[in-house]
Amino acid sequence: MTRDFSYYMPTKIVYKIGAINNLEEHISGRKVLLVTSQGHIKRGLLEKLKNIEIVEIVDDIKTHPEFKDLEKIYEKILHIPYDSILAIGGGSVIDSAKYLSVCNAKKDKDFVTKLIKKKTKEDYLTKPIISIPTTAGTSSEITPWATIWDMDEKKKYSLHLPELFSQVAIYDPTLTLSVPKDITVQTALDTLSHALESIWNKNANEITINYAIRSAKLVMEYLPKLVDDLENLEYRDKIMKASMYAGLAFSNTQTAIAHAMSYYITAYKNVPHGIACSFTLPMLIDKVIGKYEFVDNALKEIFGELSSEKLYKLLKDLQISTQFEDYDIDGKEKKDIEKTIYKNPRAQNSLI
């Protein structure tokens, strides 16, 4: 853990049950581009936004946003006059909003893709984003990057700009009540991975570790309760706070080796991200125990013991395998994953 550090979080955070019903004060009369999902539109989202001037709606976002799909959307909205983006949805929606928020002075339709793939160094402009997460997991609402996929290349790319921190992040746990069990589990495990990965991290500091511990403890206590009572607002509230705390941690550290491994597993085996980045966590705990005093102290505070046993049990109870073979990953593919790790900057953050 670094003794000397800085911590940065420019996003205004609003946490309030029912906040979705009173967004006007955060919009301040601006014309907005609404980025959301078709599911939210069908469940009556527009009725809650009737006092906001929405100039265009983007609601065809995929679970893993791909360049080819976002480029089509980008071309449609490029010349629409709006002041800010209102992103209401899960991590894929918010990540897509970040992609759409960037342009160059000429408003070239392929500029953002070129910027992400490092094919241009041209200056960029951004529109402010107001983010309202409807899942508790990715924390994209308080991070400065977006994950974009090229499934033809079987590769995950990251759009990372300091201006991509949301202007405002609004948390309303009631919005997660409709999330089904499988997505609830996947996103909560993504939260847990973010928290733990920010601990065994070369960029960890006192602030990030405190947030990470708070996040992980909430997941360990309340996820088992939530999966048996999905409409319990108290449990939803605790898991959403866990996601927020994890975001406050890894927004300043980035993730580490579990995420580096997960990108191959998602791209090649179609394993949902929250599972792909979490089933290796007990193994990684076993590897790091005894190596760093500050990591040991954090793990003891989270689990009440210096052991991966409670996490193994949680995953077993959730019917999440911790064996590579159960994800159809054989010995050769393990070697392939190992090769990708060496090139991955997330793995370079790792103390494991």
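In the block above lies the structure referred to throughout.
To keep things clear, this report deals only with the structure shown in the data block. (Residues numbered from 1 in each chain as written. Predicted model: local features only at pLDDT ≥ 70, side-chain atom pairs only at ≥ 80, totals over all residues. Heavy atoms only, no water.)

Quick word on unusual backbone geometry
Under the convention used in this document: Secondary structure elements follow DSSP: runs of H or I of four or more residues count as helices, runs of E of two or more count as strands, with numbering from the N terminus. Only protein chains enter the calculation, and the probe is 1.4 Å; a residue is then buried if its accessible area is under 20% of its type maximum, exposed if over 50%, and partly exposed in between.
Phi at Asn270 takes a positive value of approximately 60 degrees, unusual for a residue other than glycine. Relative to the helices and strands, Asn270 resides in the loop between helix 10 (257-269) and helix 11 (273-276). At Asp328, a position not held by glycine, the phi torsion is positive, near 60 degrees. On the basis of relative accessible area, Asp328 is assigned to the exposed category, the value being 57%.

Let's talk about the nonpolar core
Condition: Definition of nonpolar core: a set of buried residues of the types Ala, Val, Leu, Ile, Met, Phe, Trp, Tyr and Cys, connected through side-chain atoms within 4.5 Å. The criterion used for residue contact is that any of the two residues' heavy atoms lie within 4.5 Å.
Membership of the largest hydrophobic core comes to 66 residues, with the highest contact counts inside it found for Leu189, Leu192, Leu196 and Leu311. If we skip the residues at most four places from it in the chain, Leu192 touches Ala216, Val219, Met220, Leu281 and Leu311. In this structure, Ile77, Ile94, Ala97 and Cys103 belong to the second largest nonpolar core, which totals 31 residues.

Some thoughts on the pattern of salt bridges
When the charged atoms of two side chains with opposite charge come close together, those side chains can pair. Counted only if it meets this: Every case where a carboxyl oxygen of Asp or Glu lies within 4 Å of a side-chain nitrogen of Lys or Arg is listed as a salt bridge.
Taken as a whole and assessed by the stated rule, the structure comprises 15 salt bridges. Measuring nitrogen to oxygen at the nearest pair gives 3.2 Å for the salt bridge that ties Glu47 to Lys50. The pair Glu47 / Lys50 is uniform in exposure class, with both members exposed. Its salt-bridge partner being Glu153, residue Lys117 comes within 3.2 Å of it at the nearest N-O pair. Of the two residues, Lys117 sits in the loop between helix 6 (111-116) and strand 6 (125-126) while Glu153 sits in the loop between strand 8 (145-150) and strand 9 (155-160), which places them 36 residues apart along the sequence. Classification of Lys117 by relative accessible area gives buried; the value is 19%. Within the structure, one salt-bridge network assembled from shared partners comprises Lys117, Asp150 and Glu153.

Considering the packing of aromatic side chains
Quick note on the threshold: Stacked, edge-to-face and tilted are the three classes for Phe, Tyr and Trp ring pairs, Trp counted by its six-membered ring, which pair at centre distances within 6.5 Å; planes under 30 degrees apart are stacked, over 60 edge-to-face, the rest tilted. Any Lys NZ or Arg CZ found within 6 Å of a ring centre and within 35 degrees of that ring's normal is scored as a charge over the ring.
A complete count under the given rule lists 13 aromatic pairs for this structure. Consider the rings of Phe67 and Tyr157, whose centres lie 5.3 Å apart with planes at 75 degrees: the pair is edge-to-face. With Phe67 in helix 4 (residues 67-77) and Tyr157 in strand 9, this residue pair connects regions lying 90 residues apart in the sequence. Tyr157 shares its class with Phe67; the two are buried. In textbook terms, an aromatic cluster arises when at least three aromatic residues are bridged by ring pairs, as seen for Tyr7, Tyr211 and Tyr245. Stacked on the ring of Phe67, the Lys or Arg Lys117 has its end atom at 4.7 Å from the ring centre. Its end group placed over the ring of Trp145, Arg346 keeps NZ or CZ at 5.6 Å from the ring centre.

What about the packing of helix 7 (residues 181-197) against helix 10?
Which entries qualify depends on this criterion: Inter-axis angles, ranging from 0 to 180 degrees, are taken between N-to-C directions of lines fitted to C-alpha atoms, where helices are fitted over the stretch in contact. For this classification, under 35 degrees means roughly parallel, over 145 means roughly antiparallel, 65 to 115 means roughly perpendicular, and everything else is oblique. Gly is placed with the polar residues, together with every amino acid not listed as nonpolar (Ala, Val, Leu, Ile, Met, Phe, Trp, Tyr, Cys and Pro) or charged (Asp, Glu, Lys and Arg).
Two numbers describe how helix 7 lies on helix 10: the axes approach to 9 Å, and their chain directions differ by 135 degrees. The angle between the axes of helix 7 and helix 10 places the two elements in the oblique class. Residues Asp190, Ser193, His194 and Glu197 of helix 7 lie in contact with helix 10, whose contacting residues are Ile257, Ala258 and His259. The class makeup of the residues in the contact of helix 7 with helix 10 is 2 nonpolar, 3 polar and 2 charged.

Quick word on helix 12 (residues 281-288)
Put simply, the test is: Working definition: the arc comes from the directions between the helix axis and the C-beta atoms, pointing outward to the latter.
Looking at helix 12, one finds that the buried residues are Leu281, Pro282, Leu284, Ile285 and Val288. Angularly, the buried residues of helix 12 cover 160 degrees about the axis, an arc narrow enough to put them on a single face. Packing partners of the buried residues in helix 12 comprise helix 7, helix 10, helix 13 (293-303) and helix 14 (309-317). Just downstream of helix 12, Gly290 is the residue with a positive phi angle, here 85 degrees.

Regarding the side chain of Thr143
Relative to the helices and strands, Thr143 is located in the loop between strand 7 (129-133) and strand 8. Look past the residues within four positions of Thr143 in its chain and what remains in contact with it is Lys98, Leu164, Phe165, Phe250 and Ser251.

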